[in-house]
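# Architecture and fold: a report
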Amino acid sequence: MSGTIRLTAAQAMVRWLSVQMTEDGERFIEGCWAIFGHGNVAGIGEALHGIGDAFPTWRGQNEQTMAHAAIAFAKASRRRRAHAVTSSIGPGATNMVTAAALAHVNRLPVLLIAGDVFASRRPDPVLQQVEDFDDGTVSANDCFRPVVRYFDRIQRPEQLLTALPRALRVMTDPANCGPVCLAFCQDTQAEAYDWPEAFFEPKVWRIRRPEPDAGELARVADLIRAARRPAIVAGGGVIYSGAEATLSAFATRHGIPVAETQAGKSALAQADPMNLGASGVDGSAAANAVLRDADLVIGVGTRLQDFTTGSRTLFAAGAKLVSINVHGYDAAKHGAEPLVSDARVALEKLTAMLGDHKAAFDPAPRAAWLAAVDAHCAAPGDSNDLPSDAQVIGAVQRAAPQAIAMCAAGTMPGALKLLWQPAQGGYHMEYGYSCMGYEVAGAMGIKLACPDREVICFVGDGSYMMANSELATAVMRRVPFTVVLTDNRGYGCINRLQQVCGGVPFNNLYEDCNVADQPRIDYVAHAGSMGAHAVKAGGIADLEAQIAAARGRSVPTVIVIDTTAKDGPGFGDAGHWWDVAVPAVGGTNRLREAYRTYLENAARARLVN
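Summary of the structure given here. Everything numeric in this text was worked out from a predicted model, so none of it was measured. (Residues numbered from 1 in each chain as written. Predicted model: local features only at pLDDT ≥ 70, side-chain atom pairs only at ≥ 80, totals over all residues. Heavy atoms only, no water.)

## Notes on the nonpolar core
Grouped together as the largest cluster of nonpolar side chains are 60 residues, with contacts concentrated most on Val85, Phe144, Tyr464, Leu471, Phe481 and Val558. In this view, Val85 contacts Cys32, Trp33, Glu63, Met66, Ala67, Ala70, Met96, Val110, Leu111, Leu112 and Ile113; residues no more than four positions away in its chain are not counted. The next biggest cluster of nonpolar side chains, apart from the first, holds 51 residues, and it includes Leu291, Leu370, Val396 and Leu416. (Core = buried A, V, L, I, M, F, W, Y, C linked by side-chain atoms within 4.5 Å. Buried < 20%, exposed > 50% of the residue type's maximum accessible area, 1.4 Å probe, protein only. Contact = heavy atoms within 4.5 Å.)

As structure tokens, then:
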């Protein structure tokens, strides 16, 4: 008969987490990022110190960016591994709320362990406690409820016996995967309990592969057979399912071209002959032309957000839509014919049913598009103009074609989706939440998950100023990656969007802000002060040389390059409309013309849900 072991609740939690394993024999939760403060230093802090390397602890600089690193690690690990993050009860906890929303939108697992008030309420109100005048059960951690997949407040030690397994069931569920918050009352953390020894026996967590319903499968197969011009939109679910090779074989065998979402980019290498590049607002000319002409659009592992669908105006009004997705919520969007299933299983079963069925596929648009990309990204001639973001991307592509390119917000996500030509797995974009400040911490998380891959972090000066402090953490932990910091002196992306929507330049570029003096920020000195190897590139050729020189360093390299704020990533007939509300009433002809155009485009939207 199993005995018991006496531990504090915090000691029991970290001991249990240390023996939760993957099928590959690794810890599912590798360790814990921690900034200690009021509400987690005594209980959780003591427990993490006590367990040592059996469940390692890493110190970061900010709770939000620690969580960003953890989320990037999980994404780069294809949701097969994760990290925990712990904070104090007040601002430390609410700092993590943005990261929780980012993980929720992107369906990524992270365990957030936020300190909480006293369960006993003996010293109420404690330092950092948020008091609700009408509800004694509220704490700051209730902010997590809308942005996590599972929330629990641990007020008794024995509640962990059910809360911890529930937390990992969510984090390892392919459909409901997402962030978990355990709000851990600080007195409960330190309370002792006699735990069943069996609770700490190692457990292996296996990711299930849901099979499709036979009726849904047959209906989708019939739609594919009947289609004359089918097209696929590949999302992140392809990667999380490990269905990359299956998708390539399916597309090739059945003659169905593939367009990519931000999350799905690099599921197929750009060299795959069926890959037409990006879809939607920031899409390629080849992909968008095929999608506009398609009589059947097949979404695979995509949540069909506005950038992918051109705010519901990209697909033809008469086109049918199929959505293969592991979650019924996503599979039924936009009136789609749903096929609720793991992506790899669904494609395997569909190809068995379709046999030798093959649609006609014209490779000419793909070849023309790639030639245009090469020309657009070519190194500039003798011009003294500042380089464009496209030319920066071209330089990195030439210098590091096998690298993982990553970003999150600003101009670069659209430019990279449009122009970066990745090897398989060579792209990592946080664009579900498009969170400024994810980039530097995210690059560290990717490198921790993929230590043998070169990681290139694209970040604008605006996002860098939002959150850069985990650069110091990467230096301290000797986690090398390369940051390409494009300085266009403000928020260049939103400045362009402001003008497209009929506005005038205002409060985005520093030159259009209400300041007494223009900033003269020395990003090289700033990054160097944190221990990074930092340089200023003299131009595109020097950028290529500096990227090559960064290889082999044991600390991050930051390469700063001045770029133009005027040019966006698009060119020719690439791209598509994006629904950004334009004021119906305004005083300028520019605004009135923008509103007229807005109404014309909005009238084309498919409103079926």
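And the narrative resumes.
## Remarks on the environment of Thr563
Position of Thr563 among the secondary structure elements: in the loop between β22 (557-562) and α24 (589-602). Thr563 gets classed as buried once you look at its relative accessible area, which sits at 0%. Residues Thr563 and Asp389, spaced 174 residues apart in sequence, show a C-alpha to C-alpha distance of 6.8 Å. Here Thr563 is in contact with Leu386, Pro387, Asp389, Val392, Thr486, Asp487, Asn488 and Arg489, once residues within four sequence places are set aside. (Helix = DSSP H or I, 4+ residues; strand = E, 2+ residues; numbered from the N terminus.)

## Description of the pattern of salt bridges
As a working rule, side chains carrying opposite charge can pair if their charged atoms are close by. Scanning the entire structure with this criterion turns up 28 salt bridges. Note that Lys333 and Asp330 form a salt bridge whose closest N and O atoms lie 2.9 Å from each other. Lys333 sits in the buried class, given a relative accessible area of 17%. Accessibility expressed as a relative area gives 5% for Asp330, which makes it buried. For Glu593, the salt bridge identified is with Arg596, shortest N-O distance 2.4 Å. Residue Glu593 and its partner Arg596 are both found in helix α24; the two are separated by three residues, about one turn of the helix. Connected via shared salt-bridge partners are Asp116, Asp142, Arg145 and Arg153. (Salt bridge = Lys/Arg side-chain N within 4 Å of Asp/Glu carboxyl O.)

## Some words on the sheet that holds strand β19 (residues 455-460)
The parallel open sheet is built from six strands, whose spatial order is β18-β17-β19-β20-β22-β21. At either margin of the open sheet sits one strand with a lone partner, and together these are β18 (427-429) and β21 (533-536). Adjacent strand axes in the sheet meet at a mean angle of 20° when their direction is disregarded. The pairing of β21 with β22 spans four bridges and is classified as parallel. From the neighbouring strand, Val535 faces β22, where its bridge partner is Ile559. The strands that helix α17 (residues 411-419) touches are β17 (404-407), β18, β19 and β20 (482-487); relative to β18, the one it contacts most, it runs at about 150°. (Pairing = 2+ DSSP bridges. Axes fitted to C-alpha atoms, helices over the stretch in contact; angles between N-to-C directions.)

## As for the packing of aromatic side chains
Under the counting rule described, the total for this entry stands at eleven aromatic pairs. Between Phe199 and Phe200 the ring centres are 5.3 Å apart and the planes differ by 70°, which places this aromatic pair in the edge-to-face class. Given a relative accessible area of 8%, Phe200 falls into the buried group. Ring pairing ties together the aromatic residues Trp16, Tyr193, Trp195, Phe199 and Phe200, which thus form one cluster. Lying across the ring of Trp205, Lys203 places its NZ or CZ 4.6 Å from the centre. (Phe/Tyr/Trp six-rings, centres within 6.5 Å; stacked < 30°, edge-to-face > 60°. Lys NZ or Arg CZ within 6 Å of the ring centre and 35° of its normal.)

## Thoughts on empty space enclosed by the protein
Here the structure, examined in full by the defined rule, presents two cavities of 30 Å³ or more. Computed from the structure, the largest cavity encloses a volume of approximately 40 Å³. In terms of lining residues, the largest cavity is bounded by Thr309, Arg312, Phe315, Leu321, His334 and Arg606. A per-class count over the lining of the largest cavity returns two nonpolar, two polar and two charged. In this model, the second largest cavity occupies a volume close to 30 Å³. Around the second largest cavity, the lining residues are Lys265, Gln270, Gly277, Ala278, Trp369, Leu370, Val373, Lys417, Leu418, Trp420 and Gln421. Secondary structure elements with two or more residues in the lining of the second largest cavity: β13 (275-278), α15 (364-376) and α17. Per-element accounting of the lining of the second largest cavity gives the leading share, three residues, to α15. Residue composition of the lining of the second largest cavity, grouped by class: six nonpolar, three polar and two charged. (1 Å grid on protein atoms, 1.4 Å probe; cavity = no way out; pocket = protein on both sides within 12 Å on 5 of 7 lines; lining within 4 Å. Points joined across faces, edges and corners; volume = space filled by probe spheres on them. Nonpolar A, V, L, I, M, F, W, Y, C, P; charged D, E, K, R; others polar.)

## So, the side chain of His83
Among the secondary structure elements, His83 is positioned in strand β5 (residues 82-87). There is a polar contact of 3.1 Å between the side chain of His83 and the side chain of Trp33. Excluding its chain neighbours within four sequence positions, the residues that come into contact with His83 are Ile29, Glu30, Gly31, Trp33, Trp58, Ala70, Phe73, Val110 and Leu111. (Polar contact = N/O pair within 3.5 Å; in protein donor to acceptor, adjacent residues only side chain to side chain.)

## Observations concerning the side chain of Thr8
Along the polypeptide, Thr8 turns up in strand β1 (residues 4-8). Leaving out residues up to four positions away in the same chain, Thr8 has contacts with Gln189, Ala190, Glu191, Ala192 and Trp195.

## Brief notes about the layout of surface pockets
For the largest pocket, the calculated volume is near 1,200 Å³. Along the walls of the largest pocket sit 48 residues, with Val281, Phe307, Cys493, Leu497 and Trp578 positioned nearest its centre. Of all the secondary-structure elements, those providing two or more residues to the lining of the largest pocket are α12 (306-309), α17, β19, α19 (461-466), α21 (492-500) and α24. Element by element, the count of residues in the lining of the largest pocket is highest for α21, at six residues. Here the lining of the largest pocket is built from residues that sort into 23 nonpolar, 20 polar and five charged. Size it by volume and the second largest pocket reaches roughly 670 Å³. In terms of lining, the second largest pocket is formed by 45 residues, of which the most central are Arg107, Gly236, Gly237, Tyr240 and Gly301. For the lining of the second largest pocket, the secondary structure elements donating two or more residues are α5 (97-106), α9 (236-241), α12, β15 (320-325) and α13 (328-331).

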